[in-house]
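# What the coordinates show
Listed below, chain by chain, are the residues.
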Protein chains: 2
Amino acid sequence: MSGKVRIALDAMGGDHGPAVVVAGAEVALARHPNSEFLFFGNAGLISPLLQGRPVLQAVSRILHTEVAVRMEDKPSQALRYGRWKSSMWLAIEAVKKGEADVALSAGNTGALMAMAKFELKTLPGIDRPAIAALWPTLRGESVVLDVGASIGADAEHLVDLAAMGAAMARITLGIDRPSVGLLNIGVEEAKGLEQVREAGRVLREEQLPGLDYRGFVEGNDIGKGTVDVVVTEGFAGNIALKTAEGTARQIAEYLKGAMSRTLSARIGYLFARSAFQQLRELMDPRKSNGGVFLGLNGIVIKSHGGADAEGFAAAIDLGHDVVRDQLLGKITAALSRPSRPTPRQVFGGAAS
Amino acid sequence: MSGKVRIALDAMGGDHGPAVVVAGAEVALARHPNSEFLFFGNAGLISPLLQGRPVLQAVSRILHTEVAVRMEDKPSQALRYGRWKSSMWLAIEAVKKGEADVALSAGNTGALMAMAKFELKTLPGIDRPAIAALWPTLRGESVVLDVGASIGADAEHLVDLAAMGAAMARITLGIDRPSVGLLNIGVEEAKGLEQVREAGRVLREEQLPGLDYRGFVEGNDIGKGTVDVVVTEGFAGNIALKTAEGTARQIAEYLKGAMSRTLSARIGYLFARSAFQQLRELMDPRKSNGGVFLGLNGIVIKSHGGADAEGFAAAIDLGHDVVRDQLLGKITAALSRPSRPTPRQVFGGAAS
């Protein structure tokens, strides 16, 4: 890594494309001056944005391509026309070739995962990569995974998620031996899906190093911060994440309505303005932007498609942290537990 | 029904037992004077509570039993010692015998579902009953089901849930042809679980009467109120429900902290007190208390175990509504669609 963190950016991804990606890089660079950026995408659009930012420009290179994956493409479509040449593909390829330490995109999640799998391949023993999110809680932050990549999961996959999630919590939350819970629909051992019960048994009996397994947790435990790492398969995980986002937005709307309805409330709002500002910051989804793809031979981070520059910068910050703290090496070590079944044939070529 | 709505109450269920059940019945009776109550449980505890409430006492009967299902019992345990004689069982039995129109319990959900299935049996063609909840949204309320009874679901079950949920929305929300969405992790047709996709195909092609199928919805659509009925299997549904509860509590804590931190914020709070009161009411989980068991030959309602009298009364109100509007008849009609496979052997005797 030579002291520098080299970040490959898909400049064409997301709802706003280069405008947000370049502006976000500028914000992140101010916080992490040892960053270097590779911008993949349309040079005609990126170059003028860099020219107005000399500090950023000095640590950036543009790699031109005219092909960009669209938000609405299916993964198979995106692979068909975007392989070898799209900005998304080329950003991932830079990681594979060792030209970058991490790749980021705010583009189409399915396409990004398909390309990352295809190009980087999964780690030994891992069939299916996962997406991990940092979730703000009453105690700080927790790692929640999988939030949308692997739909359905057997016990082995859930145990892998626990190991990978704990490695990520050690780095992003700075906790030596993070507490881990399996998301379930009841805390009694008897409830819930067979696979979840079986994963619970394995985690209890094997006592994996570097994590403290605490049993089942329920949906309301996520916001409480009951455990540092919440493990679930991607369908329920994605629904939990989106439901929490929806609930937060719903309450913000209620609050806005209530505080503007009467004169007295509006006066109260003025007095409490700084408190509301603080609340807004606590609830700011931009701060926890960035889903980390785990289980691949390389680090890829997905930013929310609708992120603004501040949000995209938060995803870059996250990329910086995981590279600096060598997430990939730690995950590889965490996965090489003795009881693991012999590595399976890992990449099935799902997309082609 | 003879103009009266006869309500069987498991007086021993929930964290607070008879104190909350009797007080809740009093609150509900004031709103629905045509109610009659059967209290099942320990007469020594229930009778003194009724004596202080002559209006309630006049429309109530106590049916004594000393057996009560405990909150921590597994369903199989509860069935073993609670069958034929527990307050929970007897309340359900009253519905079966036609002595009550609806049964309510704040007790152990798993035991209540097991006993309800055992005693009432499922409707023709339904293997697995579901639990439906009313979910407060930015547009009002939506019906969300299943929130925890049937873990995993094939396409046929999801279509049944859509039909039953729409029948419930017609009654509880007063909407003639409710809009229905399938909970999924992406709005594109290609994403998500195979069963969810297949159910989407069936709902699109069959055009069931009395519902307007709108396609897939995501977790954040629930709070928005994008559709009147959100359909999912019970694992994801329970996690969504609990995650939303947890997020609401988390934001309430943030708000409380922010509004008490500075003098200026505390003054602002005083001015805006009525606005905060309004917000608290909008967010009050007691108002949407009550999960309706659907798919059985009889109506059973589960109240939150921690509900207070106001919360338990809301569950009774819900029971009153669904009885008055003949939910059971409407569900039976909704399920008898022409394309349905021939009724299967319905009750497998899972618990014994």
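Let me begin by describing the structure that accompanies this report. (Residues numbered from 1 in each chain as written. Chains lettered and ligands numbered in written order. Predicted model: local features only at pLDDT ≥ 70, side-chain atom pairs only at ≥ 80, totals over all residues. Heavy atoms only, no water.)

## Focus on the interface of chain B and chain A
To keep things clear, this is the line we draw: Contacts are assigned to residue pairs with any non-hydrogen atoms lying within 4.5 Å of each other. What counts as buried area is the accessible surface, traced by a 1.4 Å probe, that two parts surrender upon association, with contributions from both included. For this document, the term salt bridge refers to a Lys or Arg side-chain nitrogen within 4 Å of an Asp or Glu carboxyl oxygen. Residues adjacent in sequence count toward polar contacts only when both atoms are side-chain atoms; beyond that, a polar contact is any pair of N or O atoms within 3.5 Å, and within protein one must be able to donate a hydrogen and the other to accept it. Counting from the N terminus, the helices are the DSSP runs of H or I reaching at least four residues and the strands are the DSSP runs of E reaching at least two. Polarity classes work like this: nonpolar for Ala, Val, Leu, Ile, Met, Phe, Trp, Tyr, Cys and Pro, charged for Asp, Glu, Lys and Arg, and polar for all others, with Gly in that last group.
Taken together, the contacts link 53 residues of chain B with 53 residues of chain A. Around 4,800 Å² of area is buried between chain B and chain A when both sides are counted, 73% of it from carbon and sulfur atoms. Sorting the residues of chain B by area buried against chain A places Ile185, Phe235 and Tyr254 of chain B first, and these three jointly supply 14% of that buried surface. Across the contact surface, chain B and chain A share two salt bridges. At the junction of chain B with chain A, the criterion picks out 10 residue pairs in polar contact (both at pLDDT 80 or more). For the side of chain B that touches chain A, the secondary structure elements donating two or more residues are β5 (130–137), α9 (219–224), α10 (234–260), α11 (263–271) and α12 (273–282) of chain B. In terms of residue count, the dominant contributor to the side of chain B that touches chain A is α10 of chain B (20 residues). Counted by class, the side of chain B that touches chain A contains 30 nonpolar, 16 polar and seven charged residues.

## Some points on the pairing of strand β2 (residues 35–41) of chain A
Residues and elements named next belong to chain A. Cut-off, in case you're wondering: Under the scheme applied here, a residue whose accessible area is under 20% of the maximum for its type counts as buried, over 50% as exposed, and between as partly exposed, the area being computed with a 1.4 Å probe on protein chains only. The pairing criterion for strands is at least two bridges between them, as found by DSSP. A right-handed crossover is one whose linking path, passing over the helix from the first strand to the second, runs clockwise when the strands point away from the viewer.
For β2, the tally of buried residues reaches six of seven residues, placing the bulk of the element in the interior. Across six bridges, strand β1 (residues 5–10) lies against β2 in parallel orientation. Within β2, the residue paired with Val5 across the bridge is Ser35. Of the crossover connections in this fold, the one passing from β1 over helix α1 (residues 18–31) to the parallel β2 is right-handed. One ladder, built from five bridges, connects β2 with strand β3 (residues 60–64); its direction is parallel. Looking across to β3, one finds that Gly41 is bridged to His64.

## Looking at the relation of the copies chain B and chain A
Rules: A least-squares fit on C-alpha atoms brings the copies together, and the residues used are those whose pLDDT is at least 70 in both copies.
Laying chain B over chain A is done by rotating through 180° and shifting 0.0 Å along the axis; what remains is an RMSD of 0.0 Å. Taken together, the rotation and translation relating the two chain copies correspond to the operation of a two-fold axis. Rotation axis and chain B: the residue whose C-alpha lies nearest the axis is Gly268 of chain B, separated from it by 1.9 Å. By residue overlap, the copies meet face to face through one surface: 100% of the interface positions of chain B are interface positions in chain A.

## Re the sheet that holds strand β6 (residues 140–145) of chain B
Residues and elements named next belong to chain B. What counts is decided by this rule: Interaxial angles span 0 to 180 degrees and are taken between N-to-C directions of axes, which are lines fitted to C-alpha atoms, for helices over the stretch in contact.
The strand order β3-β2-β1-β4-β11-β10-β5-β6-β9-β7-β8 describes an open sheet built from 11 strands, whose pairing is mixed. A strand with exactly one partner marks an edge of an open sheet, and here the two such strands are β3 (60–64) and β8 (212–217). For this sheet, the mean angle separating the axes of adjacent strands, direction not counted, is 25°. Packed on one face of the sheet, helix α8 (residues 194–206) meets β7 (179–183) and β8 and runs near 160° to β8.

## Considerations on the sheet that holds strand β10 (residues 291–294) of chain A
All names here are of chain A. Within the open sheet, the 11 strands sit side by side as β3-β2-β1-β4-β11-β10-β5-β6-β9-β7-β8. Their pairing is mixed. Looking along the sheet, the strands with just one partner apiece sit at the ends: β3 and β8 (212–217). Neighbour to neighbour, the strand axes of the sheet diverge by 25° on average, direction disregarded. In this sheet, β8 lies alongside strand β7 (residues 179–183) in parallel orientation, the contact comprising four bridges. In the strand pairing of β8, Leu182 is matched with Phe216. Helix α2 (residues 43–51) rests against β2 and β3 of the sheet, and its axis sits at about 165° to β3.

## Things to note about the pattern of salt bridges
All names here are of chain A. Following the criterion strictly, the structure yields 30 salt bridges over all chains and no others. Close ionic contact of Arg139 with Asp228 constitutes a salt bridge, the shortest N to O distance being 3.7 Å. Pair noted here: Arg139 is in the loop between β5 (130–137) and β6 (140–145) and Asp228 is in the loop between α9 (219–224) and β9 (229–231), with a separation of 89 residues, a long-range link. Given the relative accessible area of 57%, Arg139 is considered exposed. By relative accessible area, which is 7% here, Asp228 ends up buried. Among the ionic pairs, Arg201 bridges to Glu205, the shortest N-O distance being 2.7 Å.

Take it as geometry only, folks, not as evidence of what the structure does.
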